[in-house]
Each structure stands twice: as C-alpha cells, then as structure tokens.
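The residues making up each chain are set out below.
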Amino acid sequence: MTTEALLPGDLETALPTTLFRFATAGSVDDGKSTLVGRLLHDSKAILADTLDAVARTSADRGFGGDKGGIDLALLTDGLRAEREQGITIDVAYRYFATDRRSFILADCPGHVQYTKNTVTGASTADAVVVLIDARKGVLEQTRRHLSVLQLLRVAHVIVAVNKIDLVDFSESVFRDIEADVQQVGRELGLGSDGISDLLVIPVSALDGDNVVERSERTPWYTGPALLEVLETLPAADELESHLESFRFPVQLVIRPQGALAPDAVAAGLDVEAYRDYRAYAGQITEGSVKVGDKVSVLTPGQSPRTTTVAGIDFAGKSLDEAAAPQSVAIRLADEFDVARGDTIAAAGTVREASADLYAALCWLSPKPLREGQKVLVKHGTRTVQALVRSVSGKLDLASFKLEGASSLELNDIGHAQLRLAAPLPLENYLHHRRTGAFLVIDPLDGNTLAAGLVKDHPGDHEDERYSI
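Residues numbered from 1 in each chain as written. Predicted model: local features only at pLDDT ≥ 70, side-chain atom pairs only at ≥ 80, totals over all residues. Heavy atoms only, no water.

*Asks:* Teacher, can you tell me more about the overall build of the protein here?
*Replies:* Secondary structure assignment for the protein yields 10 helices and 25 strands. Within the protein, the proportion of its 468 residues that are buried is 51%. Restricting to contacts in the protein with at least 6 residues of sequence separation, those with at least 24 account for 72%. For the protein, the exposed area adds up to about 21,200 Å²; of that, 50% sits on carbon and sulfur atoms. (Helix = DSSP H or I, 4+ residues; strand = E, 2+ residues; numbered from the N terminus. Buried < 20%, exposed > 50% of the residue type's maximum accessible area, 1.4 Å probe, protein only. Contact = heavy atoms within 4.5 Å. Areas by Shrake-Rupley, 256 points an atom, 1.4 Å probe, with all protein chains shown as cover.)

*Asks:* Just to check I follow, could you spell out the packing of helix α6 (residues 140–152) against helix α7 (residues 171–188) for this structure?
*Replies:* A pair of packed helices is characterised by two quantities: the angle between their axes and the separation of those axes. Following both chains from N to C, one finds α6 and α7 inclined at 40°, their axes separated by 10 Å at the closest point. What the angle tells us is that α6 and α7 run oblique. In the crossing of α6 with α7, the sense of the turn from one axis to the other is right-handed. Along the contact surface, α6 presents Arg143, Leu146, Ser147 and Gln150, while α7 presents Val184, Glu187 and Leu188. (Axes fitted to C-alpha atoms, helices over the stretch in contact; angles between N-to-C directions. Parallel < 35°, antiparallel > 145°, perpendicular 65-115°, else oblique. Left-handed = near helix turned anticlockwise from the far one by under 90°.)

*Asks:* I keep staring at helix α2 (residues 32–42) and nothing clicks. Help me out?
*Replies:* Every α-helix winds through 3.6 residues per turn, so residues three or four apart in the chain are directed the same way. Within α2, 9 of the 11 residues are buried, leaving the element largely enclosed by the surrounding structure. All of the buried residues along α2 are Lys32, Ser33, Thr34, Leu35, Val36, Gly37, Arg38, Leu39 and Leu40. The inward-facing, buried residues of α2 contact β1 (19–26), β2 (92–97), β3 (102–107), β4 (127–133) and α8 (226–232). Phi turns positive, to about 60°, at Lys44, one or two residues after α2.

*Asks:* Is there a simple way to think about the packing of aromatic side chains in this case?
*Replies:* Aromatic ring pairs are reported here in terms of the distance separating the ring centres and the angle at which the planes meet. Per the stated rule, a full pass over the model turns up 7 aromatic pairs. Between Phe96 and Phe103 the ring centres are 4.9 Å apart and the planes differ by 20°, which places this aromatic pair in the stacked class. Residue classification places Phe96 among the buried positions, given a relative accessible area of 5%. Ring plane angle 15° and centroid distance 6.2 Å describe the contact between Phe246 and Phe248, whose orientation is recorded as stacked. For the pair Phe246 and Phe248, one class covers both residues: buried. One aromatic cluster is present, built from ring pairs that chain together Phe20, Phe22, Phe96 and Phe103. (Phe/Tyr/Trp six-rings, centres within 6.5 Å; stacked < 30°, edge-to-face > 60°.)

*Asks:* Is there a simple way to explain the side chain of Asp356 in this structure?
*Replies:* Assignment of secondary structure puts Asp356 in strand β17 (residues 354–363). Owing to a relative accessible area of 2%, Asp356 belongs among the buried residues under this scheme. Within the structure, Asp356 has its side chain in polar contact with the side chain of Arg419 (distance 2.8 Å). (Polar contact = N/O pair within 3.5 Å; in protein donor to acceptor, adjacent residues only side chain to side chain.)

*Asks:* Would you mind showing me how to read the pattern of salt bridges here?
*Replies:* Here the idea is simple: oppositely charged side chains can pair when their charged atoms come close. Per the counting criterion, the structure on display carries 18 salt bridges. Its salt-bridge partner being Glu187, residue Arg143 comes within 3.6 Å of it at the nearest N-O pair. Of this pair, Arg143 sits in helix α6 while Glu187 sits in helix α7, and the two are 44 residues apart along the sequence. Given a relative accessible area of 18%, Arg143 falls into the buried group. (Salt bridge = Lys/Arg side-chain N within 4 Å of Asp/Glu carboxyl O.)

*Asks:* Which parts of the structure should I look at to understand the nonpolar core?
*Replies:* General note: in soluble globular proteins, nonpolar side chains tend to be found buried as a group. In this structure, Phe22, Leu39, Val128 and Ile158 are the most contacted members of the largest nonpolar core, which totals 67 residues. With 6 residues, β4 is the largest single contributor of residues to this core. Those residues within four positions of Ile158 in sequence are excluded, and the remaining contacts are Val128, Val129, Val130, Leu199, Ile201, Leu226, Val229, Leu230 and Leu233. Ranked by size, the runner-up nonpolar core spans 23 residues in total, among them Ala355, Leu361, Leu369 and Val440. (Core = buried A, V, L, I, M, F, W, Y, C linked by side-chain atoms within 4.5 Å.)

*Asks:* Quick question: what am I supposed to make of the sheet that holds β1 here?
*Replies:* Adjacent strands of a sheet form backbone hydrogen bonds with each other and so pair up, either parallel or antiparallel. On the basis of which strands lie adjacent, the open sheet formed by 6 strands has the order β2-β3-β1-β4-β5-β6 and mixed pairing. Two strands lie at the open edges of the sheet, namely β2 and β6 (197–202), each paired on one side alone. The sheet shows a mean angle of 25° between the axes of neighbouring strands, taken without regard to direction. Taken together, the 6 bridges between β2 and β3 define a ladder with antiparallel strand orientation. Of the residues in β3, the one forming a bridge with Arg94 is Leu105. Most of the contacts of α7 go to β6, to which it runs at about 165°, and overall it touches β4, β5 (156–162) and β6. (Pairing = 2+ DSSP bridges.)

*Asks:* I tried to follow the pairing of strand β12 (residues 305–314) on my own but got confused; where do I start?
*Replies:* Each regular strand displays side chains that alternate between the two surfaces of the sheet. With 4 bridges connecting them, strand β11 (residues 294–298) and β12 associate as antiparallel partners. Each bridged residue has a counterpart across the sheet, and for Val297 the counterpart in β12 is Arg305. Taking the residues that link successive antiparallel strands as the turn, the β11-β12 hairpin has 6 residues, and the phi of Gly301 there is positive, at about 90°. Bridge count between β12 and strand β15 (residues 327–332): 4 bridges; the pairing is antiparallel. Its bridge partner being in β15, Asp313 is matched across the sheet by Ala329. Bridge analysis of β12 against strand β13 (residues 317–319) gives 3 bridges, and the strand direction is antiparallel. By the bridge assignment for β13, Asp313 is matched with Ser318.

*Asks:* Looking at this structure, how should I read unusual backbone geometry?
*Replies:* For residues besides glycine, phi is generally negative; the peptide bonds are generally trans as well. Omega for the peptide link from Ala324 to Pro325 comes to 5°, which places this bond in the cis form. With respect to the helices, strands and loops of the structure, Pro325 is situated in the loop between β14 (321–323) and β15. A positive phi angle, close to 55°, is found at Phe169, a residue other than glycine. Here Phe169 shows up in the loop between β5 and α7. Using a relative accessible area of 14% as the deciding quantity, one classes Phe169 as buried.

*Asks:* Help me understand α6 in this model?
*Replies:* Over its 13 residues, α6 extends 18 Å from the first C-alpha to the last, a length consistent with the 18 Å expected when each residue adds 1.5 Å. Along α6, 11 of the 13 residues are buried, which leaves the element largely enclosed by surrounding structure. Looking at α6, one finds that the buried residues are Gln141, Thr142, Arg143, Arg144, His145, Leu146, Ser147, Val148, Leu149, Leu151 and Leu152. Just beyond α6, the residue with positive phi is Arg153, at close to 60°. (Expected span 1.5 Å × (residues − 1).)

Purely spatial values, then, with no claim about function.
Written out as structure tokens, the structure is:
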C-alpha cells in the first residue's frame, strides 16, 4: 500500500474512536524523540508549565539560536543520561489525544544495544513508525527493525523519511529511499499475510512538515500527514477479531464464599447471592465469547474439559458477550478444577498441547544462547522449565536468509527448538499474535533473555521424547 492510496475522502469516513498504540523505531540520531515531541507539541498535548521548562532548558543549551526554538526531544528524553548524551536509552511512554482518537506512544531508542527496548515497545503496538535519515537512507539497523516488525506481525509499518529539509525537499531522494524500503518490505514479506501494510512518508520533525499537517514544501507528495494516518488506521484488534478464536488465560480464581469486601457490601451487593459464586478472572487475549458458548478448559498434562459459559461479569455488571482485549470474570456451567495458568478457549479450536517448542527468538541478553542451556519459558500466565535442544540458525540481515549457527548473541534473530518440562497449548504466532508469543527467562536472576514466537511444529520424533 502507498500513502497516495489514502485519499482525503477516505480519511474522513468511518473515523475510529478506539485507543491506538504506536511506537517509534530507527537508527541513532534519526530524530525519533524530536518527531514524538513535534507530535505532542503540534497536537496541543503539552502542558504550559512543561513547555516552559523545556524552553528554558533549550535556551540554556543554546538550542535554536536567536530564533528561540525549543529542543522537542526533551519532551520525551527524561533521564539525565539521555539529556546529557542527546540519545534515547529507555522506552518513553507518552499519552495524548486528538478530537478523533486517543494514543499511547512508545518512543524507543535507536542504538543497537537497545534493540531489546524496541522489541518491548513494538510487541503491543498497533503501528510502528520507523524513521530514516533522508541523508543516509536504509541502514543495517533499519533492516533489523523491519525484520523485528515482520516477526512481530505489527499491523501497520509507517516509514517516515525524516530530515527531508536537509536534502532541500528533494523528490528524487525520497523516491529512491521509498523504492529501497519497498524492496526490503518485499524481501521480508511485509504485507503478504494480508494483515500488515507498509507506508512511506517524507517528514521534517524539526520544522513539522507532514507531521501533523501536510506541507506546502513537498508539493510532489500527495499523501496524508503522519497524524492523519495514525488517526485513521484500524487497531490490530479491529483487524484480527474476526480471524481469531476465543482465548482466555486465567489469572485469578474469584471465590468469595459469602465474605465480600466491606465496600462491596456497602455498595448494596447481597452477601448470600455470592456464597456459591465462582468465576475466573483474566483478560481476553483473542476473539470473543458469549453466554452459552461451548469452551474447553486447558490444563497442562490433562485432556481438554468441555463445558459452557454460564455468565460473564464485568465491573459489577453481567454481560451477554465480551471480546478482546476486555478484562472480565467468566463463570462456567461445570465446577472444574481451574487455576491460574490454565486457559479457557473456544471448544474444538485448540490443538493438542506439546512439550516441543519450535520458535523464532529475538535474543535480548548479553548472555549468549547455547545448546543444552536450561531456561524458563513464560507463556500466557504459566511459567515452565525448558531445555534448549538446538539452535538451527540466525537471520542474515543482508540477505534476510537463515544462516547456520549454534548459538545466538545479543540482538540476533534466530530459530531454536526447546523442550518444555510440561506441555503447553502452543499456537503458531502467524495466526495467534498473543497466544503464540512467549518469553525466555534466566532461571538464575529472572532477567528476560529473549522474546519468542511459536513456529510450526514439524512433528514429534522418537529421539525427542525424553525429560529434562
């Protein structure tokens, strides 16, 4: 998809009012924090006292010269080390709204050693804005970020060619970079699954060209400004809700047995009515559920148990239907033994649990991954021990092909097989973005080692059937 395909008339129809999450990514000094600051500033999302403080700091550092300009990057770079070095180190979350939509924005760092922060920010994003310096074009870090976004199946990838003012608003420079980006997109398969799309926009974060409003200095660009795109793109849940079956990892069993909290009693709830109450609380990760639907309770090591949904409770009210990403309490018709870590899913839609995990890993730790290493795998609300059976290869960022490897280092993207201590209901990430994701954790210090995506299971062989 190209930005020119989004016609002005299309932008005014069926404007969504949902919460929209997006993140920024890019190489060092591409202007990510400045772009975020420009979005916040021009959308009037900055309080006056905050703006005054940033203006004073900018003046003390001589930013803007006689023009009295402000360093917009200071609106997001809050750590002292970030301001001293002029870089972004940690993911900075900002919240703002326009008259069309509310946003949660994650400003991610660009340095290679902070790629793990980009993975964190992009993992829950509906869209990611990847910045490219118009003077430098597509770099290795750009290819790395686009590879990560393809693996994470981010619904919308927007490439902002920044600092277009430093190349005299040259159309030829922009078109060359746009062609390179589209070529990388084709090599990675971005958009080939029918969910994700790839847009390219020329911007100047410092001056505000094509950020909030369309610029007269790029007459050759007829597409929408960045904010116009963000205000009109459908969220990932809107795109995928009809494609996914109901999934509900249980976080808590609610069993008051007549002993309600005092504030609940004061609110008028009948203690006797809740004496035999039993519900399972959590967040719906995929799909939707209605009262009367048949569901299966999935407990590792046990066969699925089928029952029906007797009720759905939300904030003291009973609902007939609920959908992702709502947090609700579900009552079942049968009194099964259900605990935290179990999953309630639409009956007949979950394949048999497996102890063999084949995955793509984004390695986020300075500690390398070795075959035979013992780790923890956190999938949904359950954490199990695991053994690294093998590392089958890592991604070559130049060719986007898998090359042979026996270990993974920091920022590598590779494939590995893990053997789990207990079988889990594993689902391919390609079709189940939330239930197909997991974390690899260091059992010694609890630090996250990798973000993992479940891949197709090639089959269970005799020589794989052993315990950890």
